[in-house]
Amino acid sequence: MLINSDKSDAQDISLEAETGLVWFSRNDVRIPNEGGTDFNMLDLIGTGSVPYYRVSISFTLGERHTIRTLLAPLSKIGTGSFERETVFEN
């Protein structure tokens, strides 16, 4: 969705919104990179989809300057347990 104001050619305000579903197909983890245990994060949190949204507002000032702010939160939460001893962040 895009909404533009028609104040003048010199100034413009735009609002963009997007939504949908996101899912992860791969997420291999090892923290720290040396000494940590490799594991697949999706074994813990699952592979199901989660909704997302993204909203941005742009202010165009003159011909060459635009100020933009973006809100795009995304999180995937789940629980699980390891089947073997795991080294993770000490």
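Okay, so let's go over this structure. (Residues numbered from 1 in each chain as written. Predicted model: local features only at pLDDT ≥ 70, side-chain atom pairs only at ≥ 80, totals over all residues. Heavy atoms only, no water.)

## So, the nonpolar core
Rules: We define the nonpolar core as a collection of buried residues of types Ala, Val, Leu, Ile, Met, Phe, Trp, Tyr and Cys that are connected through side-chain atoms lying within 4.5 Å of one another. Only protein chains enter the calculation, and the probe is 1.4 Å; a residue is then buried if its accessible area is under 20% of its type maximum, exposed if over 50%, and partly exposed in between. Helical segments are the DSSP runs of H or I of at least four residues, strand segments are the runs of E of at least two, and each set is numbered from the N terminus. The contact definition used throughout considers only heavy atoms, calling two residues in contact when any of these lie within 4.5 Å.
Within the largest apolar cluster, five residues are counted, these being V29, F39, L42, L44 and I45. Per-element accounting of this core gives the leading share, three residues, to helix α1 (residues 41–45). Not counting chain neighbours up to four residues away, the residues in contact with L44 comprise F39, G78, T79, G80, S81 and F82.

## Details of the layout of surface pockets
Basically, it comes down to this: Using only the protein atoms, space was sampled on a 1 Å grid; points where a 1.4 Å probe fits but cannot get out form cavities, open sets with protein on both sides within 12 Å along at least five of seven lines form pockets, and lining residues are those with an atom within 4 Å of a point. Grid points are joined across faces, edges and corners, and a volume is the space filled by probe spheres set on the points. In this classification, Asp, Glu, Lys and Arg are treated as charged, Ala, Val, Leu, Ile, Met, Phe, Trp, Tyr, Cys and Pro as nonpolar, and every other residue, Gly included, as polar.
Within this model, the largest pocket holds a volume of roughly 160 Å³. Taken together, D38, F39, N40, D43, L44, S81, F82, E83, R84 and T86 make up the lining of the largest pocket. Put simply, the parts of the chain that give the lining of the largest pocket at least two residues each are β4 (39–40) and α1. A class-by-class count of the residues in the lining of the largest pocket yields three nonpolar, three polar and four charged.

## Some points on the packing of aromatic side chains
Here is the rule: Aromatic rings from Phe, Tyr and Trp, taking only the six-membered ring of Trp, are treated as a pair when their centres fall within 6.5 Å; an angle between ring planes under 30 degrees marks them as stacked, one over 60 as edge-to-face, and anything in between as tilted.
Within this structure, the stated rule accounts for two aromatic pairs. With a centroid separation of 4.9 Å and 80 degrees between ring planes, the pair formed by F39 and F82 is classed as edge-to-face. Within this pair, whereas F39 is found in strand β4, its partner F82 is found in the segment after β6 (65–71), the two being separated by 43 residues in sequence. On the basis of relative accessible area, F82 is assigned to the partly exposed category, the value being 40%. Geometrically, the ring pair formed by F39 and F88 is edge-to-face, given 5.8 Å between the ring centres and 65 degrees between the ring planes. Of this pair, F39 sits in strand β4 while F88 sits in the segment after β6, placing them 49 residues apart in sequence. The class of F39 is buried, set by a relative accessible area of 10%. A residue is classified by how much of its surface remains accessible, and F88, at 34% relative accessible area, is partly exposed.

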